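Chain by chain, the residues:
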Amino acid sequence: MKNLKIIAVWNPKGGQGKSMLSINLAAAAVEMSLKPLVICQDPQGTSMNYGENGNLNFPVLGSIPKVKPDVDLIIFDYQASDWELPNYDLIIMPLKPARDQYATYIEAYKRAEIKGKRIITVVTDGQAHRLSERKTTEYLKDQGAFVIPSSGVFSRAADEYRTIFDSTLNKAYKVGERRKEITSILAKALLEN
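Residues numbered from 1 in each chain as written. Predicted model: local features only at pLDDT ≥ 70, side-chain atom pairs only at ≥ 80, totals over all residues. Heavy atoms only, no water.

**Q** Mind showing me how you'd approach unusual backbone geometry here?
**A** Note: most residues except glycine have negative phi, and most peptide bonds are trans. The backbone of Ser81 shows a phi angle near 70°, a positive value even though the residue is not glycine. One non-glycine residue, Tyr161, lies in the positive phi region at around 50°. As for its placement among the helices and strands, Tyr161 is situated in the loop between α5 (152-159) and α6 (175-192). (Helix = DSSP H or I, 4+ residues; strand = E, 2+ residues; numbered from the N terminus.)

And the structure:
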């Protein structure tokens, strides 16, 4: 029997990069010879849109399967505005470093911390030219957060419902750096799990 690992990608604030992170973590898992499954808990269905458009090499489901799936890793992509903490020990919390977004993250982080959750913070889409965002990003990085800078490769991938690990993007600007960042997050999550 496989040692199934579960990762919850959660932040009650919308637009923080939960779906982008979920599908790219799954793609990184495939690169590591793992069999991932993404379960989209979001009624907006962003991850489901990726799954239904056929450019992924892993499954995406809209609900928890009734039979235990033959996978190594399940990644739950939680919906925005869901303040109920995931039942799983490990939470990946993406956030954009703008002040209003950061405030929601802090409140959610405290709730998770009180319940003893292990939390991996990922700063997404920071704008280094904005002083407050740069300071927030630097602070969180000093606290151990991962940082995924704003990058056109994510937009290119999203245009065709692909992940940044798709071979059609092998020559995209800085794709190698973005892939390493995602893979580092997954490696940390697998070690913590």
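**Q** Is there a simple way to think about helix α1 (residues 18-31) in this case?
**A** Given 3.6 residues per helical turn, the α-helix brings residues three or four places apart onto the same face. The end-to-end C-alpha distance of α1 is 20 Å, a good match for the 20 Å that 14 residues give at a rise of 1.5 Å each. Summarising burial for α1: 11 of the 14 residues are buried, a large majority. Listed as buried for α1 are Lys18, Ser19, Leu21, Ser22, Ile23, Asn24, Leu25, Ala26, Ala27, Ala28 and Ala29. Trailing α1 by a residue or two, Ser33 shows a phi angle of about 65°, which is positive. (Expected span 1.5 Å × (residues − 1). Buried < 20%, exposed > 50% of the residue type's maximum accessible area, 1.4 Å probe, protein only.)

**Q** Hey, could you run me through helix α4 (residues 131-142) in this one?
**A** For α4, with 12 residues, the first-to-last C-alpha span of 16 Å sits near the 16 Å given by 1.5 Å per residue. In this fold, the buried residues of α4 make contact with β5 (90-95), α3 (99-114), β6 (118-124) and β7 (146-148). Positive phi appears at Gly144, one or two residues downstream of α4, with a value of about 105°. (Contact = heavy atoms within 4.5 Å.)

**Q** Even after reading the chapter, I still don't get the nonpolar core, so can you show me in this structure?
**A** Where a protein is soluble and globular, its nonpolar side chains tend to be buried together. Counting residues in hydrophobic clusters, the biggest one holds 36 residues, and the most contacted among them are Leu21, Leu25 and Ile92. With residues near it in sequence (within four places) discarded, Ile92 still touches Ile7, Ala8, Val9, Trp10, Leu21, Leu25, Ile120, Val122, Ile185 and Ala189. Counting residues in each nonpolar core, the second largest holds 20 residues, with Ile91, Ala108, Ile119 and Val123 among its members. (Core = buried A, V, L, I, M, F, W, Y, C linked by side-chain atoms within 4.5 Å.)

**Q** Before we go on, may I ask you to explain the sheet that holds β6 in this structure?
**A** Sheet strands associate in pairs through backbone hydrogen bonding, adopting either a parallel or an antiparallel arrangement. If you walk across this open sheet you meet the seven strands as β3-β2-β4-β1-β5-β6-β7, and the pairing is parallel. Across the chains shown, the open sheet's two edge strands, defined by having one partner strand only, are β3 (60-61) and β7. Pairing of strand β2 (residues 36-40) with strand β4 (residues 73-77) involves five bridges; the strand directions are parallel. Counterpart to Ile39 in the pairing with β4 is Phe76. Relative to β4, α1 is tilted by about 170°, and along the sheet it contacts β1 (5-9), β2, β4, β5, β6 and β7. The strands touched by α6 within the sheet are β1, β4, β5, β6 and β7, with β7 carrying the most contacts at an inclination of about 150°. (Pairing = 2+ DSSP bridges. Axes fitted to C-alpha atoms, helices over the stretch in contact; angles between N-to-C directions.)

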